[in-house]
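Structure at a glance
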Amino acid sequence: MVEVPTAESRILAAYRARTPRAAELARQARDLIPSGIVHDSRRTWPYSIYGDRAAGSRKWDVDGNEYVDYYGGHGSLILGHQHPKVIAAIEAQLRKGMHLAAANELEVEWARRIQALVPSAERVRFTSSGTEATQLAIRLARAATGRGRIVRFQSHFHGWHDQVSFGVTDHLDGTPAVGVLAEVAANTTLVKPNDVAAVERVLATQRDAAAVMIEPIGSSSGMIPTSPEVLNALRELTARHGALLIFDEVVTGFRVHPGGAQALYGVVPDITTLAKIVAGGMPGGAVAARKDILDWLDFEVAAASKRERINHQGTHNAHPLSAAAGIATLDLIRDSDVCERASATAARLRAGMNEILEGEGVPWAIYGEHSFFHLHSNPLGEPIRPTTFDARTLTLDALKGKDERVLAKLRLAMLVNGVDLKGFRGGLVSAAHTEADIDVTLDAWRRSLRALKEEEALPRM
Ligand code: PMP
């Protein structure tokens, strides 16, 4: 992780001066919670801000600082924070009841919205998170095919349960992560991102693949981009070899297009996993798949075909508050230009940030598509130009490698200048972000790069 900073860092001193309450809460948290945090990706050196409230594109911390927010509820808030229609829907349900432990009208309406928007959604089953959705998807794939192997791509993230918890940032060779059984890892084959030939070899030679699983625009929301040609090839290969194709649209669903990457590119997987936007900022997830696949959960189908079915419980599946928020969010996505607006704002932001990198002579790049932006800090020191950088020309190592010390300071500098990035990797733009937000962000970007240059030897173009 990050090196202990030099005491004379002006950036660090400014951050500490602005966040005394956060420092105190972080100190208390470390005695209560491992590392004082509840999600690995929120780890911030020397400690995280503590969020207090939010509205639209902005959020405020417990020390009273205001930020333009590009963390976006980890991607769940494409409408921005506290959209009035979403809040009204949650409040209306909150007054009626939180958990009715009965079937609920809202789950019917929620599933109807998903079925109408997502091409693969012949049927829908709700879960409480994206992790649960990918776990259920894998079990369904194994039941439906009678096969065991899951083919995944190095660096693609599908949550934290045993079967997907290695091969993302570590254990890229497919060995099990600590706490995971070797038998579990042995049933996974990891291939390099976009290596269609490797997938073909696995499917043709091993014959036991239940499914190929992918983040359809590439790992970490396109940080390692994947093209529609790869998706088309995987569609054809899986069909030919009797394996299922799983698109993990936990982030891309309802963001890159109202119907997700599958609608955008016209490649329909057998199973889709959803979370984040689907539940409008509340906890929730779903598996949307062909009827014959989700029939493995169906009591009547199992009885009629005299086969065992998959058990599936979950206290908070289709929680009424999540359903209410999800329906309101999906209706706004269906009826307005939410996805296009967020993407257009992100494109302007990426261009503006790259112009500043050029102006400052820093050979880094901001890239990405749709409503995402990623920071390439060029750890291998390649001779790149920010404005013409093409991420598709780089390998996993070149794109994911990082100088964590510099980036940790950059993250703090952006916070000091009023911008909360998604860690130091980039961020997500919502439909609530405005031109004024872009102006604040670009100003913060320029100031942060200059502050960083005073303290660190940044490469020069
Ligand atoms: N899949 C992808 C592509 C994700 O980005 C995430 C969360 N970042 C997950 C699955 C897991 O979702 P959750 O955090 O809701 O468990």
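The structure contained in this document is the topic of the report that follows. (Residues numbered from 1 in each chain as written. Predicted model: local features only at pLDDT ≥ 70, side-chain atom pairs only at ≥ 80, totals over all residues. Heavy atoms only, no water.)

Some points on the site of the ligand
Surveying the vicinity of the ligand reveals the residues Ser129, Gly130, Thr131, Phe157, His158, Gly159, Glu215, Asp248, Val250, Val251 and Lys276. Between a nitrogen atom of the ligand and a main-chain N or O atom of phenylalanine 157, the distance comes to 3.4 Å. The side chain of lysine 276 places a nitrogen or oxygen atom 2.8 Å from a nitrogen atom of the ligand. Isolated, the ligand exposes 380 Å² of accessible area, and the fraction of that covered by the protein chains is 81%. Split by residue class, the shell around the ligand holds three nonpolar, five polar and three charged. (Near = heavy atom within 4 Å. Polar contact = N/O pair within 3.5 Å; in protein donor to acceptor, adjacent residues only side chain to side chain. Areas by Shrake-Rupley, 256 points an atom, 1.4 Å probe, with all protein chains shown as cover. Nonpolar A, V, L, I, M, F, W, Y, C, P; charged D, E, K, R; others polar.)

Quick notes on the sheet that holds strand 15 (residues 426-428)
With antiparallel pairing, the three strands of this open sheet are ordered in space as 12-13-15. At either end of the open sheet lies a strand with only one pairing partner, and these are strand 12 (365-367) and strand 15. The average undirected angle you get between the axes of adjacent strands in this sheet is 15°. Pairing of strand 13 (residues 372-376) with strand 15 involves three bridges; the strand directions are antiparallel. Bridge pairing in strand 15 places phenylalanine 372 opposite leucine 428. (Pairing = 2+ DSSP bridges. Helix = DSSP H or I, 4+ residues; strand = E, 2+ residues; numbered from the N terminus. Axes fitted to C-alpha atoms, helices over the stretch in contact; angles between N-to-C directions.)

As for helix 4 (residues 84-96)
Look at helix 4: 19 Å from first C-alpha to last across 13 residues, which is about the 18 Å you get at 1.5 Å a residue. Lining the buried residues of helix 4 we find helix 5 (105-117) and helix 14 (320-335). Glycine 97, located one to two residues past helix 4, shows a positive phi value of around 155°. (Expected span 1.5 Å × (residues − 1). Contact = heavy atoms within 4.5 Å.)

Quick notes on the packing of helix 5 against helix 14
Look at helix 5 against helix 14: their axes get within 9 Å of each other, and the N-to-C directions meet at 35°. Relative to helix 14, helix 5 is oriented so that their crossing is left-handed. Contacts between helix 5 and helix 14 involve Leu106, Glu109, Trp110, Arg113, Ile114 and Leu117 from the first element and Pro320, Ser322, Ala323, Ala324, Gly326, Ile327, Leu330, Asp331 and Arg334 from the second. The residue inventory of the contact of helix 5 with helix 14, partitioned by class, reads nine nonpolar, two polar and four charged. (Left-handed = near helix turned anticlockwise from the far one by under 90°.)

Focus: the packing of helix 4 against helix 14
Viewed as axis vectors pointing N to C, helix 4 and helix 14 meet at an angle of 150°, and their least axial separation amounts to 8 Å. Considered as vectors, helix 4 and helix 14 are oriented roughly antiparallel to each other. Taken as a pair, helix 4 and helix 14 cross one another with a handedness that is right-handed. Across from Lys85, Val86, Ala89, Ile90, Gln93 and Leu94 in helix 4, the residues of helix 14 making contact are Pro320, Leu321, Ala324, Ala325, Ala328, Thr329 and Leu332. (Parallel < 35°, antiparallel > 145°, perpendicular 65-115°, else oblique.)

Description of the sheet that holds strand 2 (residues 58-61)
Taken together, four strands build an open sheet; the order of strands is 1-2-3-14 and the sheet is mixed. Pairing within the sheet leaves two strands with one partner each, and these edge strands are strand 1 (51-55) and strand 14 (419-420). Pairing analysis gives two bridges linking strand 3 (residues 66-69) to strand 14, with the strands arranged parallel. Residue pairing across strands places valine 68 opposite valine 419, the latter belonging to strand 14.

Quick notes on empty space enclosed by the protein
One pass over the full model with this rule turns up two cavities of 30 Å³ or more. The space that makes up the largest cavity amounts to roughly 50 Å³. Every residue along the wall of the largest cavity is listed here: Gly56, Ser57, Asp69, Gly72, Leu77, Gly80, His81, Arg255, Leu428, Val429, Ser430 and His433. Per-class residue counts for the lining of the largest cavity are three nonpolar, seven polar and two charged. Here the second largest cavity is characterised by a volume of approximately 30 Å³. (1 Å grid on protein atoms, 1.4 Å probe; cavity = no way out; pocket = protein on both sides within 12 Å on 5 of 7 lines; lining within 4 Å. Points joined across faces, edges and corners; volume = space filled by probe spheres on them.)

Quick word on the pattern of salt bridges
Evaluation of the coordinates by the stated rule reveals 29 salt bridges. Here arginine 385 makes a salt bridge to glutamate 358, at a shortest N to O gap of 2.4 Å. Of this pair, arginine 385 sits in the loop between strand 13 and helix 16 (396-400) while glutamate 358 sits in helix 15 (residues 338-360), placing them 27 residues apart in sequence. Judged by relative accessible area, glutamate 358 falls into the buried class, the value being 17%. Ionic pairing is found between glutamate 360 and lysine 453, a salt bridge with its closest N-O pair at 2.8 Å. Note that glutamate 360 is positioned in helix 15 and lysine 453 in helix 18 (residues 435-455), a separation of 93 residues in sequence. For lysine 453, a relative accessible area of 29% translates into the label partly exposed. Salt bridges sharing common partners tie together Glu109, Arg112, Arg113, Asp331, Arg334 and Asp335. (Salt bridge = Lys/Arg side-chain N within 4 Å of Asp/Glu carboxyl O. Buried < 20%, exposed > 50% of the residue type's maximum accessible area, 1.4 Å probe, protein only.)

Considerations on helix 17 (residues 404-416)
Given a rise of 1.5 Å per residue, 13 residues ought to cover 18 Å, and the 18 Å separating the end C-alpha atoms of helix 17 matches this to within 8%. Of all the residues in helix 17, the buried ones are Arg405, Val406, Leu407, Ala408, Lys409, Leu410, Arg411, Leu412, Ala413, Met414 and Leu415. As for helix 17, its buried residues are in contact with helix 1 (10-18), strand 3, strand 13, strand 14 and helix 18. The backbone nitrogen of arginine 405 lies 3.2 Å from a side-chain oxygen of the residue at the head of helix 17, namely aspartate 403. Just beyond helix 17, the residue with positive phi is glycine 418, at close to 85°.

Overview of the packing of aromatic side chains
Counted by the stated rule, this structure contains four aromatic pairs. With a centroid separation of 5.3 Å and an interplanar angle of 40°, the aromatic rings of tyrosine 15 and tyrosine 47 are classed as tilted. Here tyrosine 15 is found in helix 1, whereas its partner tyrosine 47 is found in the loop between helix 2 (20-30) and strand 1, with 32 residues between them in sequence. Here tyrosine 15 matches tyrosine 47 in class, with each residue buried. Here tyrosine 367 and phenylalanine 389 contribute two aromatic rings whose centre-to-centre distance is 5.4 Å and whose plane-to-plane angle is 65°, an arrangement assigned as edge-to-face. Taken together, the positions of tyrosine 367 in strand 12 and phenylalanine 389 in the loop between strand 13 and helix 16 put the pair 22 residues apart, joining distant regions of the chain. Taken individually, tyrosine 367 and phenylalanine 389 each receive the classification buried, so the pair is uniform in this respect. Stacked on the ring of tryptophan 60, the Lys or Arg arginine 53 has its end atom at 4.3 Å from the ring centre. One cation-aromatic arrangement involves arginine 152 over phenylalanine 166; the distance from NZ or CZ to the ring centre is 4.9 Å. (Phe/Tyr/Trp six-rings, centres within 6.5 Å; stacked < 30°, edge-to-face > 60°. Lys NZ or Arg CZ within 6 Å of the ring centre and 35° of its normal.)

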